[in-house]
Amino acid sequence: MAEDNLCIALNQVGKSVDTPDGKLDILKNISLDVKYQEAVVIKGASGSGKTTLLGLMAGLDQASSGDVFLFGENLTRKSEEQRSSIRAGRVGFVFQSFHLVQGANAMQNVMLPLELAGKAGAQQLAMESLQQVGLAHKTGTLVEHLSGGEQQRVAIARAFAVKPQVLFADEPTGNLDAVTGRQIADLMFHLRDQSGTTLVLVTHENELLERGDRQILIESGKLLTSQA
Amino acid sequence: MKVGRATIHSYWLMFIATVITVSIVTSSQLITDRIGLLLDRQASELLAADMVIISSREFDADYRQQALQHGLQVSNSVSLRSAIFIGDDPQLVELKAVDDAYPLRGRLERTREVTGGRSATTEIPARGEVWVDTKLAQLVGSALTLGEAKFDTSWLLTFEPDRGGAIFNLAPRVLMNLEDLSRTGLVVPGSRVRYRMMFAGEQGDINRFKIWLTINLKAGEEIQDLENARPEMRQALESTRKFFALAIVLTLVIAMAAIAITARYTANREAPKVAMLRAFGISQQSLFRYYLRQLGSLWIVATVSGIALGWFTQFPLQWALDGWFGKTLPQVHSLKPYFSAGLVGLLALAGFSLPYLANATATPPMQVLRTAVNRRSWMRGLLITGSAIVAVFVVLVLLMQSSLLAVATLALVLACAFILPLILGWMVKLLLFSTQRRFWLRQYLLSRLQAASRGAIYVMSGFSLVLISILLIAVVKDELLGSWQEQLPENIPNYFLINIRSDDIEAVGAYMQQHRIEASTPYALARARLKQINSIDASAIDFVHPRAEHMIKHTFNITHARELPDQNEIIAGEWLDPDNPRPQLSVEQGMADKLGLEVGDELTLTVGSMTLRAPVTSIRSVVWENFKPNFYLIANPELLADLPQTGLLSAFIEEQNKADLKHLLQRFPSITLLDITELMARVRGIVDKASVALQFFFLFALASALIVLLAAIQTGRHEREIESSLLRALSAHTNQLYRVHILEFTLMGALIGFFSACFATVAGWAISVYFFNIEFHFSVAVWAYSLLSSCLVLTIAGTLVSRRVYNVSPMKILRS
Ligand SMILES: Nc1ncnc2c1ncn2[C@@H]1O[C@H](COP(=O)(O)OP(=O)(O)O)[C@@H](O)[C@H]1O
Ligand SMILES: [Mg+2]
């Protein structure tokens, strides 16, 4: 199958939800391929369906129609646990609102997924990763005492520490000021270039769009352009 | 795991709740065992033993042999009246000869001189010595002739457990060694001697021996134990014990409610973390194991801390109680309290927190991208409530002997878990709709309501359960104390005259009237045993009531009367027709309930060696605590005419009548006088002492309540922050918002106060009537207290919440 050589493949994917006002089609008829080591940036206005699309690609959510392939596996009829096991150790996430564990320090935040995934040398891996994001001196600080930019660095360190094949980022600079946002974007693309990780990033900012290998525009749940 | 240690601070409320639960169990087990032991002892000390047989003849040697084989301690005493001479004046004394083992329960107290310090002793008079009443103080140090023997008077006897305190106008006591008795030559055929054989030991051994004894008892021998010798005392002890059990269980329920609420709160806080980890591909199973480890370490640390805390509380408790008991609580050496504490902690965590955390591990990973992901599952709800019910039930069964109490408590918990959230949610809706007219406020409050249905309602229900439990403890305690006071009118009888010879009964009654001593009618008393009900052997009947068997094995008082005794009420059938010679019986309500008797049933009784058959013609309620002669069975005079009986009456004897009483006792020397005042003081003392111990458990209850409150304040704080920032953006005045917040909490407080008072009243009524067999009185104070405290506490909580919300910078809120 062609999907075997692709990191992610979407085939005629649709997503609809039931709302009090009736059925709502969020995504319509989306077909999209992401090759390994590619950096894809998806841009769209707020409410256009970016987050929904990202959730489907990562297997966090289930499509209403069509097929989603991740690492060559069809996610369509898989349970949440099966999809989770496909992601295990192979994907990383960076979120708009960081999603760090409050009350734990930077080091522990990076270590937590490693330990739970049963990776050997979790501490070593976490330390290296924190060094890469330039936070080696703040490993023991509680995350709530870090600045927004630093918190996102911890999240990036956490994502790269598992050495993922693909990194999903949902508006990673959305909560940051322009200067910090640019620094975070620099860091993320730098690490990606170093590690060759596949990157899927969604944003509503033009600035990030330019940095990808490929740009995709989304509007009202439909893909507009897909340029190689 | 390092992460586990670092995140434990999000568990700290749950941790403290668990520590409290464990220490409640530890300290209650340490203390109740000891208080139970002490209460038993205290009661037994009235008999100087756990059980006594009394006779006017010497006992079979077989009795002692059998008692020893049953693992009991045995002691013998012989008492008789004799005359001594002080100078040339004859003086009647109560001579009592005891053996080395005496007293089996309680201590003798003695002194060298009347004004000197008294000291408790385990000794008895040495051979050749006697100890005498303080009234004979002038004899100390001199020789005393008793019958044909001479004795040294070495000590003044100041206290003797089975004498019922200082009975002032009986002949003064002379205590001697049993081995000296034969030397006096006072025991000769025809002399009025009372033999007592006393037994003490483990309750089980006593019970077994009692069965043997009952079968082998000879005519003229009578068994006395707490059950039949002092029914008022037994009631007080039983009630105290039950009350103690109830209060501890309620305290425990509060602590477990705190665990449940804090666990729910913790689980909610863990949800985002779970979603993040699941997005990273961590399986639900590993997450479950992760939480299992977290709970495991929490359990271990909490158990160790809880046991330590519980262990330490016994010292202040002991110190407080010693002041009341005036003696050291008996030590209990057993690991059981610690084991049960650890087990209850484990059960509570497994039952209340594990389901919540297991539920949290199912948080959909999509939640990392979008906060509101709908997820409602009946199965999960069922799992949570199911395991909570099992946990509560196992804990209750583990810690309580009374199944009635276990079921009642379970019902209370279930009602709070299911009904309260419903009622509260519904009432809040109703109240807010009717009080809030202004549009935006109404909108706002409605949005708050939704938040409430998400969690606050459950926290509020938990808070309500806490309040109900605290109220219940207070209500039942008041009812119990009140039930003692109310039945004690101004001139209650302060003396019982027992052992009146049947020939003397009428003369004693006449004497009382003649000297204007307020006394009950004298009752003739026989001890009957129930053999058959409707011609079926009682021992062959399967009774439903657990106490029924006990009634069959024991003898109980039967009397005859023409008129219904004071404070008795006919509740079924008709009072005896004294002029009708056909056999008639009136049965006490409790006895009828236990044995399932109804009017028309025919009873076969044995009294001594005689057999009676009579139908039940009425069922009667009796106020057992009124310190008047009370009877299980009353027959018409005809029925008991030929039976061996002794007389009994109660009297209120004032200071000016004491000379008359003395005269009476001289005229009828067989009469034994029981001082009720002393008895009453002891009964009151026991309830008081139990209350002191309970104050400590109240502290635990308050600590748990505080935890619940903290959880309540924390729950939904984030939502509140966002909501208030939104409302501020919509340019609502901060002051208005502040007031709305507080109003919301105050309303909640009023609602909770109202429902808690309702629940506490209904449960208090049920417990009083069915569990303690006392009357219940509606208490306005409970309602006032409940409403006030609930409003106050929640208003304070509301203020705290609001302060926090408004101290948060809007920027921070908008960013998160
Ligand atoms: N579970 C849902 N229920 C109802 N509407 C939803 C749900 N999920 C998403 N939507 C709607 O779908 C649209 C796209 O949402 P989203 O993917 O979050 O957009 P974006 O991330 O581009 O801002 C929005 O209009 C949103 O309101
Ligand atoms: Mg989005």
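Scroll up to find the structure this text is about.
Residues numbered from 1 in each chain as written. Chains lettered and ligands numbered in written order. Predicted model: local features only at pLDDT ≥ 70, side-chain atom pairs only at ≥ 80, totals over all residues. Heavy atoms only, no water.

Caption draft 1: Examining the overall build of chain B more closely. In terms of regular secondary structure, chain B is built from 22 helices and 23 strands. Expressed as a percentage of the 816 residues in chain B, the buried residues total 55%. Intrachain contacts of chain B at a sequence separation of at least 6 include 82% that bridge at least 24 residues. Carbon and sulfur atoms make up 57% of the accessible area of chain B, which totals about 36,100 Å². (Helix = DSSP H or I, 4+ residues; strand = E, 2+ residues; numbered from the N terminus. Buried < 20%, exposed > 50% of the residue type's maximum accessible area, 1.4 Å probe, protein only. Contact = heavy atoms within 4.5 Å. Areas by Shrake-Rupley, 256 points an atom, 1.4 Å probe, with all protein chains shown as cover.)

Caption draft 2: Broad picture of the overall build of chain A. Along chain A, the regular secondary structure elements total 7 helices and 10 strands. Looking at chain A residue by residue over its 228 residues, the buried ones come to 55%. For chain A, the proportion of contacts with a sequence separation of at least 24, taken over those separated by at least 6, is 69%. When the accessible area of chain A is evaluated, it comes to approximately 9,400 Å², of which 45% is carbon and sulfur surface.

Caption draft 3: Quick look at helix α1 (residues 50-57) of chain A. All names here are of chain A. Of all 8 residues in α1, 8 are buried, a share of seventy percent or more. Those residues of α1 not exposed but buried are Lys50, Thr51, Thr52, Leu53, Leu54, Gly55, Leu56 and Met57. Once α1 ends, the next one or two residues include Gly59, with phi positive near 75°.

Caption draft 4: Inspection of the interface of chain A and chain B at higher detail. Taken together, the contact pairs 32 residues of chain A with 30 residues of chain B. Summed over the shared surface of chain A and chain B, the number is 2 salt bridges. Linking chain A with chain B are 8 residue pairs in polar contact (both at pLDDT 80 or more), by the criterion used here. Mapped onto the side of chain A that touches chain B, the elements with two or more residues apiece are α1, α2 (80-87), β6 (91-95), α3 (106-116) and α5 (148-161) of chain A. Counting residues per element, the side of chain A that touches chain B draws most heavily on α3(A), which supplies 5 residues. Residues belonging to the side of chain A that touches chain B are distributed by class as follows: 13 nonpolar, 12 polar and 7 charged. (Salt bridge = Lys/Arg side-chain N within 4 Å of Asp/Glu carboxyl O. Polar contact = N/O pair within 3.5 Å; in protein donor to acceptor, adjacent residues only side chain to side chain. Nonpolar A, V, L, I, M, F, W, Y, C, P; charged D, E, K, R; others polar.)

Caption draft 5: Here's a closer look at the site of ligand 1. The environment of ligand 1 is made up of 13 residues, and the closest members are Gly47(A), Lys50(A), Thr51(A), Thr52(A) and Arg370(B). In this structure, ligand 1 sits where chains A and B come together, each supplying nearby residues. Interatomic distance of 3.3 Å between a backbone N/O atom of Ser48(A) and an oxygen atom of ligand 1. Expressed as a share of its isolated accessible area of 560 Å², the protein-covered part of ligand 1 is 66%. Residue assignment for the shell around ligand 1 shows that the elements contributing at least two residues are β1 (6-19), β2 (22-35) and α1 of chain A. In terms of residue count, the dominant contributor to the shell around ligand 1 is α1(A) (3 residues). In terms of residue class, the shell around ligand 1 is built from 4 nonpolar, 7 polar and 2 charged. (Near = heavy atom within 4 Å.)

Caption draft 6: Layout of the sheet that holds β1(A). All names here are of chain A. The antiparallel open sheet is built from 4 strands, whose spatial order is β2-β1-β4-β5. A single partner strand is all that each edge strand has here, and the edge strands are β2 and β5 (73-74). In the packing of α1 onto the sheet, the strands contacted are β1, β2 and β4 (65-70), and the crossing angle to β2 comes to about 55°. (Pairing = 2+ DSSP bridges. Axes fitted to C-alpha atoms, helices over the stretch in contact; angles between N-to-C directions.)

Caption draft 7: Seen up close, the packing of α3(A) against α5(A). Residues and elements named next belong to chain A. Packing of α3 against α5 brings their axes to within 9 Å, and their N-to-C directions diverge by 30°. Here α3 lies roughly parallel to α5, going by the angle between them. Between α3 and α5 the crossing geometry is right-handed. Of the residues in α5, those touching α3 at Ala106, Asn109, Val110, Pro113 and Leu114 are Val154, Ala157, Arg158 and Ala161. Residues that form the contact of α3 with α5 fall into these classes: 7 nonpolar, 1 polar and 1 charged. (Parallel < 35°, antiparallel > 145°, perpendicular 65-115°, else oblique. Left-handed = near helix turned anticlockwise from the far one by under 90°.)

Caption draft 8: Region of interest: the side chain of Gln29(B). Residues and elements named next belong to chain B. Looking at the secondary structure, you find Gln29 in helix α2 (residues 12-45). The exposure class of Gln29 is buried, given its relative accessible area of 10%. Setting aside residues no more than four positions away along its own chain, Gln29 makes contact with Ile24, Lys336, Pro337, Ser340 and Leu399.

Caption draft 9: Structural context of empty space enclosed by the protein. Residue and element names in this part refer to chain A. According to the stated counting rule, one finds 4 cavities of 30 Å³ or more in the structure shown. Lining the second largest cavity are Leu56, Asp61, Gln62, Ala63, Gly66, Val68, Leu75, Thr76 and Arg83. Class assignment of the residues belonging to the lining of the second largest cavity gives a composition of 4 nonpolar, 3 polar and 2 charged. (1 Å grid on protein atoms, 1.4 Å probe; cavity = no way out; pocket = protein on both sides within 12 Å on 5 of 7 lines; lining within 4 Å. Points joined across faces, edges and corners; volume = space filled by probe spheres on them.)

Caption draft 10: Representation of the environment of Arg57(B). All names here are of chain B. Its place among the elements puts Arg57 in the loop between β1 (51-55) and α3 (61-69). Spatially, the C-alpha atom of Arg57 lies 8.2 Å from that of Gly220, the residues being 163 residues apart in sequence. Those residues in contact with Arg57, other than ones at most four positions away along the chain, are Tyr195 and Ala219.

Caption draft 11: The arrangement of the pattern of salt bridges in detail. Residue and element names in this part refer to chain B. One pass over the structure, following the stated rule, counts 25 salt bridges over all chains. When the shortest N-O distance is used, the salt bridge between Glu94 and Arg173 registers 3.7 Å. Of this pair, Glu94 sits in strand β3 (residues 89-98) while Arg173 sits in strand β9 (residues 173-177); the two residues are 79 residues apart in sequence, bridging distant segments of the chain. Arg173 carries the same exposure label as Glu94, and that label is buried. Here the salt bridges share partners, and the residues they tie into one network are Arg81, Glu94, Lys96, Glu160 and Arg173.

Caption draft 12: Inspection of unusual backbone geometry at higher detail. In this model, Tyr102(B) is joined to Pro103(B) through a cis peptide bond whose omega is -15°. For Pro103(B), the position within the fold is in the loop between β3 and β4 (108-111). One non-glycine residue, Asn29(A), lies in positive phi territory at about 55°. Along the polypeptide, Asn29(A) turns up in strand β2. On the basis of relative accessible area, Asn29(A) is assigned to the exposed category, the value being 53%.

Caption draft 13: Local environment of the packing of aromatic side chains. All names here are of chain B. Following the criterion strictly, the structure yields 13 aromatic pairs over all chains and no others. On the numbers, 5.8 Å between centres and 15° between planes, the contact of Phe209 with Trp212 is stacked. With Phe209 and Trp212 both in helix α5 (residues 203-216) and 3 residues apart, this pair spans about one turn of that helix. Here Phe209 and Trp212 have matching classes, each one buried. Note on Phe754 and Trp783: the rings are 5.7 Å apart at their centroids and 70° apart in plane angle, and the pair reads as edge-to-face. Of this pair, Phe754 sits in helix α20 (residues 734-771) while Trp783 sits in helix α21 (residues 780-807), placing them 29 residues apart in sequence. Judged by relative accessible area, Phe754 falls into the partly exposed class, the value being 36%. Overall, the relative accessible area of 18% leaves Trp783 in the buried class. Here a set of aromatic residues connected by ring pairs shows up, and it is made of Phe59, Tyr63, Phe199, Phe209 and Trp212. Its guanidinium or amino end placed over the ring of Trp155, Arg110 lies 3.8 Å from that ring's centre, counting from NZ or CZ. (Phe/Tyr/Trp six-rings, centres within 6.5 Å; stacked < 30°, edge-to-face > 60°. Lys NZ or Arg CZ within 6 Å of the ring centre and 35° of its normal.)

Caption draft 14: Representation of the packing of α3(B) against α5(B). All names here are of chain B. At a minimum axis separation of 10 Å, α3 and α5 run at an interaxial angle of 160°. Taken together, the axes of α3 and α5 are roughly antiparallel relative to one another. You can see that α3 and α5 cross each other, and the crossing is right-handed. On the side of α3, the interface is formed by Asp62, Tyr63, Gln66 and Ala67, while α5 contributes Phe209, Trp212, Leu213 and Asn216. Here the contact of α3 with α5 is composed, by residue class, of 5 nonpolar, 2 polar and 1 charged.

Caption draft 15: Spotlight on the environment of Gly351(B). Residues and elements named next belong to chain B. Tracing the backbone shows Gly351 in helix α9 (residues 336-360). Between the alpha carbons of Gly351 and Val394 there is a distance of 9.9 Å; along the sequence they are 43 residues apart. Discounting chain neighbours no more than four positions away, the residues touching Gly351 are Ile384, Ser387, Ala388 and Ala391.

Caption draft 16: Molecular detail of the side chain of Ser790(B). All names here are of chain B. Mapped onto the elements, Ser790 comes out in helix α21. When its relative accessible area of 0% is taken as the criterion, Ser790 is described as buried. Separated by 3.3 Å, the side chain of Ser790 and the backbone nitrogen of Gly753 make a polar contact. Discounting residues that sit within four places of it in the chain, Ser790 has contacts with Phe463, Leu467, Gly749, Ala750, Ile752, Gly753 and Tyr785.

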